[in-house]
Amino acid sequence: MTCRRIAALTWTVSLAAFSILVAVPATARATVAANGLFSDNAVLQQGIKLPVWGTADDGEKVSVSIAGQRVETTSFLGHWRVDLQPLKAGGPFDLVIEGPTNKIEAKNVLVGEVWIAGGQSNMELPLSRTANAAEVIANSANPQIHLITITRRQRSAAPAADVQGKWAECDSKTVANFSAVAYYFGRALKKQLNVPVGLINCNVGGTTAERWMSKEAFDAEPALKDMPRTQKSKGDFDLYNGMIHPLIPFGIRGAIWYQGESNSGQAWYYRTLFPAMIKAWRDDWKQGDFPFLFVQLAPYKAIAHEPQESDWAELREAQLLTTLKSPNAAMAVITDVGDEKDIHPKRKQPVGERLAMAARALAYGEKVEYSGPIFDSLSIDGREAVVHFKHVGSGLIVKGDKLTGFTVAGDDKKFYDADAKIVGDTVVVSSDQVAKPVAVRFGWANYPVVNLWNKEDLPASPFRSDDFPGVTQPKGR
């Protein structure tokens, strides 16, 4: 080979290598990306430090700007995060995220109150399928309420990094397929607080609570290790991985939750499972014991005309016990909106508005009664059992001619329908068939037929004063 050909070949190879070296940085440098929650129409939580995060190449500089703030950071191991100082309610703002090669501009961003709406089908049920839907949807437009529905990611074996879903202003098009409970909750908050409200719709019908918590949190509870698994619990932890994990640590005020139907056969375990799920979410978010507000199961199935055991009653009890075990938690009772034949009762406005009342008390410190009467204690006076309540409000009332739904038992543990009357802030219960009462139950049925309320127009929660073994309690427990 001649020297000229060798020189020409060397030049060709060198030129090709140089071209590769020049091209690699331009093609390999990834653009800065933000988690999908930080997009047009987003709502950011007021009054707390706000994490904003995403991905970029290692070592890339990233800046985040909004409402006069500008914060910078450097990407590490492909990820970046900044913490904005607390913002005041208002907007709209532009949220600008910049890297060396690109800029993300999220328009119409508001700052206000952000709540997650989670659970199964009764939280998922869209406004279009509920009572008075046409009229409510036609009058729903509100640019201060923004909505996002997180796209389902079932069967996610590993924690996802990003969300799928888009924020939108609330109007007749966007709200029709949005959670009715979440909408009524948000509408009530907006009316009361007069600040922007952001609602994150994150639910899947027919799902068990364990699928909404991490494997680590579930495994940390010894009492759950022998919990029977059902068909509906298959895919354990997948909904947490795919739909909750990518939300963390987005700034929120709290969560509302409507779930439990799919765990009714495991009600005894739900006493541990549900508080564990709440604690796990709070541990993951690292925003303290944020308010966790949930809905007690509605009446469902055929009305029974004699006292009987009930797994749905035991699930409601597990929910009630959760308010005692979990700090900063509250429960909306909806014994007045059930349907014998439909597991999805259509009256969702009272549900959302009762959750909003609880939020006003727990999250915003208003001096309002947010709960109906809750069982406190039982005392015995001869043939009469006297039931004492918390959350009496300004007084107990009966809606109807006489109180219904009370049963009483003696030492034989057999329950009989009872006569009941309001005496001051108590209910006195008795039965000709029980000479020495030891236990009282109220609304202990799949479909409670009950009418005890307080004067704040909130219904009393079903309860039992006894701890007799139930139908969902494992033998030997």
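What counts, and at which threshold
- Residues numbered from 1 in each chain as written.
- Predicted model: local features only at pLDDT ≥ 70, side-chain atom pairs only at ≥ 80, totals over all residues.
- Heavy atoms only, no water.
- Pairing = 2+ DSSP bridges.
- Helix = DSSP H or I, 4+ residues; strand = E, 2+ residues; numbered from the N terminus.
- pLDDT = per-residue confidence, 0-100.
- Contact = heavy atoms within 4.5 Å.
- Salt bridge = Lys/Arg side-chain N within 4 Å of Asp/Glu carboxyl O.
- Buried < 20%, exposed > 50% of the residue type's maximum accessible area, 1.4 Å probe, protein only.
- Axes fitted to C-alpha atoms, helices over the stretch in contact; angles between N-to-C directions.
- Parallel < 35°, antiparallel > 145°, perpendicular 65-115°, else oblique.
- Left-handed = near helix turned anticlockwise from the far one by under 90°.
- Nonpolar A, V, L, I, M, F, W, Y, C, P; charged D, E, K, R; others polar.
- Polar contact = N/O pair within 3.5 Å; in protein donor to acceptor, adjacent residues only side chain to side chain.

Turning to the sheet that holds strand E24 (residues 463-464), a few remarks are in order. Pairing in this open sheet of four strands is antiparallel, and the strands run E19-E18-E22-E24 from one edge to the other. A strand with exactly one partner marks an edge of an open sheet, and here the two such strands are strand E19 (415-417) and E24. Pairing geometry for strand E22 (residues 439-442) and E24, over two bridges, is antiparallel. Residue pairing in the sheet places Phe 442 in a bridge with Phe 463 of E24.

It is worth spelling out unusual backbone geometry at this point. Residue Pro 92 is reached from Gly 91 by a cis peptide bond, and omega for that bond is 10 degrees. Backbone torsion omega between Ile 248 and Pro 249 reads 10 degrees, so that peptide bond is classified as cis. Relative to the assigned elements, Pro 249 resides in the loop between helix H6 (238-244) and strand E12 (254-258). At Asn 194, a position not held by glycine, the phi torsion is positive, near 55 degrees. Inspection of the secondary structure puts Asn 194 in the loop between helix H4 (180-193) and strand E11 (197-203).

Pairing analysis gives three bridges linking strand E9 (residues 142-149) to strand E10 (residues 168-170), with the strands arranged antiparallel. Bridging from a neighbouring strand, Asn 142 pairs with Cys 170 of E10. Pairing of E9 with E11, which is carried by five bridges, proceeds in the parallel orientation. The residue of E11 that forms the bridge with Ile 145 is Val 197.

Strand order in the open sheet formed by three strands is E1-E3-E6, and the pairing between neighbours is antiparallel. Where the open sheet ends on each side, the last strands, each with one partner, are strand E1 (33-34) and strand E6 (79-84). Where E1 lies against strand E3 (residues 50-55), two bridges are found, and the strand directions are antiparallel. By the bridge assignment, Ala 33 is partnered in E3 with Thr 55.

Take the confidence of the model for the protein chain next. When pLDDT is averaged across the protein chain, the result is 93; 93% of the residues are at 70 or more. The secondary-structure element of the protein chain with the lowest mean pLDDT is helix H1 (residues 3-28), recorded at 37, while E12 shows the highest, at 99. Across residues 1-28, where pLDDT falls below 50, the model places three contacts with residues more than four positions away in sequence or in other chains.

Moving on, we come to the pattern of salt bridges. This structure, assessed with the given rule, holds 25 salt bridges. Salt-bridge contacts for Glu 317 lead to Arg 271; the nearest nitrogen and oxygen are separated by 3.2 Å. Here Glu 317, found in helix H8 (residues 311-325), pairs with Arg 271, found in helix H7 (residues 267-285); they are 46 residues apart in sequence, far enough to count as distant. Judged by relative accessible area, which is 28%, Arg 271 ranks as partly exposed. With a closest N to O distance of 2.6 Å, Asp 457 and Lys 399 form a salt bridge. Residue Asp 457 is located in the loop between strand E23 (452-454) and E24, and its partner Lys 399 is located in the loop between strand E17 (396-398) and strand E18 (406-409); the two are separated by 58 residues in the primary sequence. Taking relative accessible area as the criterion, Asp 457 reaches 44% and is therefore assigned partly exposed. Here Lys 399 falls in the partly exposed class, since its relative accessible area comes to 38%. A network of salt bridges, in which partner residues are shared, links Arg 271, Glu 309, Glu 317, Arg 441, Arg 464 and Asp 466.

Here we come to the pairing of strand E5 (residues 69-74). Of the strand pairs in this sheet, strand E4 (residues 61-66) and E5 are connected by six bridges, and their pairing is antiparallel. Note that in E5 the partner of Val 64 across the bridge is Val 71. Counting the residues that bridge the hairpin from E4 to E5 gives two residues, and of these Ala 67 lies at a positive phi of roughly 50 degrees.

The next point concerns the packing of H4 against helix H9 (residues 349-362). Direction vectors running N to C along H4 and H9 enclose 45 degrees, while the axes themselves pass 7 Å from each other. Our classification of the angle between H4 and H9 gives oblique. Crossing angle aside, the handedness with which H4 passes H9 is right-handed. Of the residues in H9, those in contact with Val 181, Tyr 184, Phe 185, Arg 187, Ala 188, Leu 189 and Gln 192 of H4 are Gln 349, Val 351, Gly 352, Glu 353, Leu 355, Ala 356, Ala 359 and Arg 360. Taken together, the residues that form the contact of H4 with H9 break down as nine nonpolar, three polar and three charged.

Moving on, we come to the environment of Lys 61. For Lys 61, the location among the structural elements is in strand E4. Take Lys 61: its relative accessible area is 56%, and that puts it in the exposed class. Spatially, the C-alpha atoms of Lys 61 and Ser 75 are 6.5 Å apart, while their sequence positions differ by 14 residues. Setting aside anything within four residues of it in sequence, one finds Lys 61 in contact with Thr 73, Thr 74, Glu 98, Gly 99 and Pro 100.

With that settled, consider the side chain of Ser 156. Assignment of secondary structure puts Ser 156 in the loop between E9 and E10. According to the relative accessible area criterion, Ser 156 is buried, its value standing at 16%. From its side chain, Ser 156 meets the backbone oxygen of Ala 158 in a polar contact 2.9 Å long. Setting aside residues up to four positions removed in sequence, Ser 156 forms contacts with Phe 237, Asp 238, Asn 241 and Gly 242.

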